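# Commentary on secondary and tertiary structure
What follows is the residue order along each chain.
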Amino acid sequence: MIAATAVSTGRMILRGGRPLSGEVTLRGAKNSLPKIMVAALLTGERCTLRNVAGVADVAIVSDLIRSLGGEVAEVEPGVLSICAANVRPMERAVLKTFSGKSRIPILACGPMLARFRESPVPSLGGCRIGTRPVDFHIRALQDLGATLHDESGNAHLTCERLYGNKIHLDYPSVGATEQVILAAVLAQGKTELANAATEPEIMDLIMALQKMGAIISVDVDRVITIEGVPELHGYDHAAVPDRLEAASWASAAAATGGRIFVRNARQVDMMTFLNQFRKIGGDFAVTSDGIAFWRREAGLHSTVIETDVHPGFMTDWQQPFVIALTQASGVSIVHETVYEERFGYVEALNRMGAQIQIYRECLGRVPCRFGQRNYQHSAVIVGPTPLHGAEINIPDLRAGFSYVIAALTAEGESTLTNTNLIQRGYENLIPKLHALGAEIVSTE
Ligand code: EPU
């Protein structure tokens, strides 16, 4: 059964110094699967979702759908059958059990409004990597005709029905784009969403919705147009493979000097990453089954990167890539423009021997919301620096995986705590590490 048990312990001791080499297999993307599950709430017909990974958000959304009266069953390994025919309006008491666990429940607001004309607004979880507000989500639902009631901190949305509208996002937020799409598919009339995000995971959601009967077009200038339809049907859909996990293993190969074949990795979703990987001295071979990654003999060298929305360099690629940059000759610069607080993890890397300095200034050219606001969002990495083992408490998912790579790059033993956070995005972490020859001293 798909459950959040990929890493069942909160503590791991790793001994580093060996190249990671071998093969890992990707399944559906952590940032795609739960959204396509939410889309199943838009129909009473049965939906089949394939390529499902055992990550925490899948388990959380399965529980959410069941607690609303829907069915979710794993009918074969990695295949979910979802039926929302008997779903009821969402009660705040039910929602409270999901409070703080995940950011996905906010996406159920649109389908709940479309079906029942009301929805409570959940208080969210997810990684602590900045303030992560939901103002764009609420404003977009209001633009589509919902009214926000906020009595004694219990925010609630109601509507007569949802109507298409012209919406402009202040920033191309992934979640807000998905919110608008999921709410507008059953709205009356046409919705034109400008400054939308266009990540491959959003395209995956759109493809599932198109199978359900939705009419959604994506224009070159970041405008997504949704023509509301009266009803939607079931889907049979295989989720796009996880390009964040693929880039994480690629960075691990570069940092440790190994060679990792990532089965199911897709070039089309990773072109920006692959360019940067090659520029720093990594190399790769693309086949129809996946991509092999390794470090060229001449070693790694420094680069300049700026994180950005798709098709830019993803913010979620940043942390594992920085571990590889600690092993690169020269001075690298990383300008983080998506989240204001995504360099908290470097303090522990510096304790391991890295030389990374964080700056408030924008060290780059991408227009950024954080430069004049005192956020430490640019990093300068001087390398190569040998790393040594340390005791590290994991603060968030991507930082967590990065510490695993750092620990396996370092000489000596490292003790990582709070490792259960890694299960949010990396299924079967320990078996995969074993398969790559990592020395795992103990796990709890
Ligand atoms: N933002 C607002 N207001 C909003 C929504 C977003 O100001 O109402 C801001 C955020 O604070 C952030 C920026 O907009 O500074 C981008 O946030 P976005 O909404 O795009 O992020 P998200 O939808 O919450 C998803 C992924 C993240 C990934 C980002 C960016 C999921 C479940 N999460 O988050 O994934 O970093 O898009 O690509 O899809 C991860 O996988 O480790 C992860 C954090």
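Residues numbered from 1 in each chain as written. Predicted model: local features only at pLDDT ≥ 70, side-chain atom pairs only at ≥ 80, totals over all residues. Heavy atoms only, no water.

Within the protein chain, the secondary structure is distributed over 13 helices and 23 strands. On C-alpha atoms alone, the protein chain measures out to a radius of gyration of 22 Å, which is about the 22 Å that the 2.2 N^0.38 rule sets for 444 residues. Counting only C-alpha atoms and orienting by the principal axes, one finds that the protein chain spans roughly 60 × 50 × 45 Å. Here the protein chain holds 444 residues, and the buried ones make up 58% of them. Across the protein chain, the fraction of contacts at a sequence separation of at least 24, relative to all contacts at a separation of at least 6, is 74%. (Helix = DSSP H or I, 4+ residues; strand = E, 2+ residues; numbered from the N terminus. Rg over C-alpha atoms; globule rule 2.2 N^0.38 Å. Buried < 20%, exposed > 50% of the residue type's maximum accessible area, 1.4 Å probe, protein only. Contact = heavy atoms within 4.5 Å.)

The subject of this paragraph is the pattern of salt bridges. Applying the stated criterion to the full structure yields 22 salt bridges. Residues Asp283 and Arg278 are paired through a salt bridge, measuring 3.4 Å at the closest nitrogen-oxygen approach. (Salt bridge = Lys/Arg side-chain N within 4 Å of Asp/Glu carboxyl O.)

Before going further, it helps to spend a moment on the sheet that holds strand S4 (residues 71-76). Read across the open sheet, the four strands follow the order S4-S5-S3-S13; overall the sheet is mixed. Pairing within the sheet leaves two strands with one partner each, and these edge strands are S4 and strand S13 (236-238). The mean angle between the axes of side-by-side strands here comes to 20°, regardless of whether they run parallel or antiparallel. Relative to S13, strand S3 (residues 46-50) runs parallel, the two being bridged by three bridges. Counted as the bridge partner of Arg50 is Ala238 from S13. Against the sheet, helix H2 (residues 56-67) contacts S4 and strand S5 (79-83), and its axis sits at roughly 130° relative to S4. (Pairing = 2+ DSSP bridges. Axes fitted to C-alpha atoms, helices over the stretch in contact; angles between N-to-C directions.)

In this model, His310 is joined to Pro311 through a cis peptide bond whose omega is 10°. Here Pro311 is to be found in the loop between strand S17 (304-306) and helix H10 (315-325). Cis rather than trans, the peptide bond between Gly383 and Pro384 has omega equal to 0°. For Pro384, the position within the fold is in the loop between strand S20 (378-383) and strand S21 (391-393). Here the phi dihedral of Asn51 falls at roughly 65°; this positive angle occurs in a residue that is not glycine. By the element assignment, Asn51 lies in the loop between S3 and H2. Even without a glycine there, the phi angle at Asn418 is positive, about 65°. Following the sequence through the fold, Asn418 ends up in the loop between strand S22 (413-417) and helix H13 (429-435).

Once that is clear, we can look at the pairing of strand S15 (residues 282-287). The side chains of a regular strand alternate between the sheet's two faces. With six bridges joining them, S15 and strand S16 (residues 290-295) adopt antiparallel strand pairing. Counted as the bridge partner of Gly282 is Arg295 from S16. Between S15 and S16, which pair antiparallel and follow one another directly, the connecting turn spans two residues.

Before going further, it helps to spend a moment on the site of the ligand. Within the structure, the ligand sits among 25 residues, and Lys35, Asp135, Ser173, Val174 and Val338 are positioned closest to it. Note that an oxygen atom of the ligand is positioned 2.7 Å from one of the side-chain N or O atoms of Lys30. Val338 places a main-chain nitrogen or oxygen 2.6 Å from an oxygen atom of the ligand. Relative to its unbound accessible surface of 830 Å², the ligand loses 93% to contact with the protein. Elements with a minimum of two residues in the shell around the ligand: helix H5 (135-143), helix H6 (174-184), H10 and helix H12 (397-409). Element by element, the count of residues in the shell around the ligand is highest for H5, at three residues. Residues of the shell around the ligand, tallied by class, amount to 11 nonpolar, five polar and nine charged. (Near = heavy atom within 4 Å. Polar contact = N/O pair within 3.5 Å; in protein donor to acceptor, adjacent residues only side chain to side chain. Areas by Shrake-Rupley, 256 points an atom, 1.4 Å probe, with all protein chains shown as cover. Nonpolar A, V, L, I, M, F, W, Y, C, P; charged D, E, K, R; others polar.)

On to the domain arrangement of the protein chain, then. Along its sequence, the protein chain is carved into domain 1 (11-26 + 241-443) and domain 2 (33-238). Once you take the C-alpha centre of each, domain 1 and domain 2 turn out to be 30 Å apart. Taken together, the contact between domain 1 and domain 2 spans 21 residues of the former and 22 residues of the latter. Contact with domain 2 buries area across many residues of domain 1, yet Val309, His310 and Arg424 alone supply 33% of it, more than any other trio. Joining domain 1 to domain 2, the criterion identifies two salt bridges. The salt bridge involving Arg424 is made with Asp57; its shortest N-O contact spans 3.9 Å. Taken together, the links from domain 1 to domain 2 amount to six residue pairs in polar contact (both at pLDDT 80 or more). Split by residue class, the side of domain 1 that touches domain 2 holds eight nonpolar, four polar and nine charged. (Domains from an automatic or database assignment. Buried area = accessible area lost by both parts, 1.4 Å probe.)

Let us now look at the environment of Gly312. Considering the arrangement of structural elements, one finds Gly312 in the loop between S17 and H10. We classify Gly312 as buried; its relative accessible area is 16%. Expressed as a C-alpha distance, the spacing of Gly312 and Gly281, which sit 31 residues apart in the sequence, is 20 Å. Apart from residues no more than four positions distant in its own chain, Gly312 is found in contact with Thr272 and Trp317.

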